[in-house]
Amino acid sequence: MKEEQKINGLPKDWKWVKLHEIVSLLGDGLHGTPVYSEDGDYYFINGNNLSDGKIIIKENTKKVCQKQFDRHKKNLTDKTILVSINGTIGNVAFYKNEKVILGKSACYFNVKEDIDKYYIALLLKGERFLRYANSSATGSTIKNVSLKAMREFELPLPPKETQQQIVSKIEELFSELDKGIEELKTTQQQLKVYRQAVLKWAFEGKLTNEDVKDGELPEGWQLQRLDDIGTWRGGGTPSKGNKEFWENGNILWVSPKDMKSKVITDTIDKITGEAIEMSTAQLIPKGSVLFVVRSGILRRTLPVATTICDVTVNQDLKALTPRAANPDYVFYYVEAKNDDIRKTCSKDGTTVESIETALLKNYQIPICSSEEQQQIVQEIESRLSICDKIEETITNSLKQAEALRQSILKKAFKGTLL
């Protein structure tokens, strides 16, 4: 055994075991159709109810009747670990006498007395188990790990005292790591607040003027309707049945699915010049501002973008080609007023899935000189560029934190963490 452990890189008092050797019981949840009941006392849970060691009872978690609980009641104890084995694999929770019935996407096992359940739970969060589970899973769209595969999972096992020491050390390191992650996420939220503040200040004139009074525009500024500052155009969809409209097309045809960045540089679909001549599609000049006016995404945000070349759009978009305003200035103003525009310009009697074009055209925008508009755009982009760099650093740091978490687990289960 010592020679085998040396070959496998484990400390001399460790050993390789299979999961079935260290558990007294291993099973999965209900395979049949549950009998739901509003008067039921037990919640029917699946793998997506397991998270960070806890069973999460969600608002939409349905209840079932007593008799279906009897199968599990005698099996679930304070030594029980629950694991998701279908769909999202590897969610882990401990059973703490909750009134739950398991669905088949979760399995349970009870560890023996000489096993620390927290050690096993941490091991199940590591790359070794996740690689094994995913490679053992069957199914093309929804992955499923069988109970047989779970039983055969091989894991490194030290004496119980060492297990507990490893758990304690991991929890100490994870606690410090979580504090850092929390600080990074707090900074992310602060950046969002700052971005909105920059946009708000910009169109109050506070980025380019001194001593601006709250609620008043700087001298020389005036409110105009969006309809007054440029030309509006709509869109259309050339017949999909006419190949000559679409094949080898080189004119961008913008739909809501393309509206994912500030500037439109490419589109999923393109049309031909003939399609413009023979359909309701219109050529929209570069330097225009595009608005999504009909889409489910309007429940959450109003997508807006600018164009750097001539484009066409489908009927779910409207285009404004400014005469008296910088397109970037208009873009950032709409971003600043995004929520308000969705609220005040949505069609009556509907959820926010469509914007009333007449209301949008009537929406007011503060207009200043073209020179000051350009200065405002530069001030905005300078500040937001710094935000972008900080955001990128935070994103990379969060990825590094997760990599460090896995590194800690890897060292722990190789016996090199202590």
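Worth saying up front: this structure is predicted, and the values here are computed from it rather than measured. (Residues numbered from 1 in each chain as written. Predicted model: local features only at pLDDT ≥ 70, side-chain atom pairs only at ≥ 80, totals over all residues. Heavy atoms only, no water.)

(A) Geometry of the side chain of S105. Within the secondary structure layout, S105 lies in the loop between β9 (100-102) and β10 (106-111). With near-sequence residues (within four places) excluded, S105 lies in contact with N46, G47, V83, S84, I85 and N86. (Helix = DSSP H or I, 4+ residues; strand = E, 2+ residues; numbered from the N terminus. Contact = heavy atoms within 4.5 Å.)

(B) The arrangement of a negative patch on the surface in detail. The grouping of E244, E247, E274 and E277 at the surface amounts to a negative patch. Within the element layout of this structure, E244 appears in helix α7 (residues 243-246). (Patch = residues over 30% accessible without salt bridge, like charges linked within 9 Å, V, L, I, M, F, W, Y side chains within 5 Å. Areas by Shrake-Rupley, 256 points an atom, 1.4 Å probe, with all protein chains shown as cover. Salt bridge = Lys/Arg side-chain N within 4 Å of Asp/Glu carboxyl O. Lys, Arg positive; Asp, Glu negative; His and termini not counted. Charge placed at Lys NZ, Arg CZ, Asp CG, Glu CD.)

(C) Focus on the pattern of salt bridges. All told, the structure shown has 19 salt bridges when counted by the stated rule. The partner of K179 in a salt bridge is E176, with the nearest N and O atoms 3.7 Å apart. Here E176 and K179 lie together in helix α6 (residues 160-202), a separation of three residues that amounts to about one turn. By relative accessible area, which is 46% here, K179 ends up partly exposed. Notably, a salt bridge pairs R342 with D339, separated by 3.0 Å at the nearest N-O pair. Placement of the pair is R342 and D339 together in helix α10 (residues 338-345), with a separation of three residues, close to one helical turn. A relative accessible area of 52% places D339 in the exposed class. When salt bridges that share partners are traced, they join K200, E204, K206 and D214 into one network. (Buried < 20%, exposed > 50% of the residue type's maximum accessible area, 1.4 Å probe, protein only.)

(D) Quick peek at the environment of I276. Topologically, I276 is positioned in helix α8 (residues 273-277). Here the alpha-carbon distance between I276 and G236, two residues 40 residues apart in the chain, equals 9.2 Å. Setting aside residues up to four positions removed in sequence, I276 forms contacts with I251, I271, A281, L283 and T312.

(E) Looking closely at the sheet that holds strand β20 (residues 317-322). With respect to topology, five strands assemble into an open sheet ordered β13-β20-β17-β18-β15, the strand pairing being mixed. Whereas interior strands pair on both sides, the edge strands pair on one side only; in this sheet they are β13 (230-233) and β15 (263-264). Relative to β20, β13 runs antiparallel, the two sharing four bridges. Residue pairing for β20: R233 is matched across the bridge by A319. (Pairing = 2+ DSSP bridges.)

(F) Broad picture of the environment of E98. Position of E98 among the secondary structure elements: in the loop between β8 (92-94) and β9. Along the primary structure E98 and I55 are separated by 43 residues, whereas in three dimensions their C-alpha atoms are 8.1 Å apart. Of note is the side chain of E98, whose polar atom sits 2.7 Å from the backbone nitrogen of K96. (Polar contact = N/O pair within 3.5 Å; in protein donor to acceptor, adjacent residues only side chain to side chain.)

(G) A look at unusual backbone geometry. Although it is not a glycine, D52 sits at a positive phi angle of roughly 50 degrees. Within the fold, D52 resides in the loop between β4 (50-51) and β5 (54-55). Its identity is not glycine, yet D211 carries a phi of approximately 55 degrees, on the positive side. Looking at where D211 falls in the secondary structure, it is placed in the loop between α6 and β12 (222-225).

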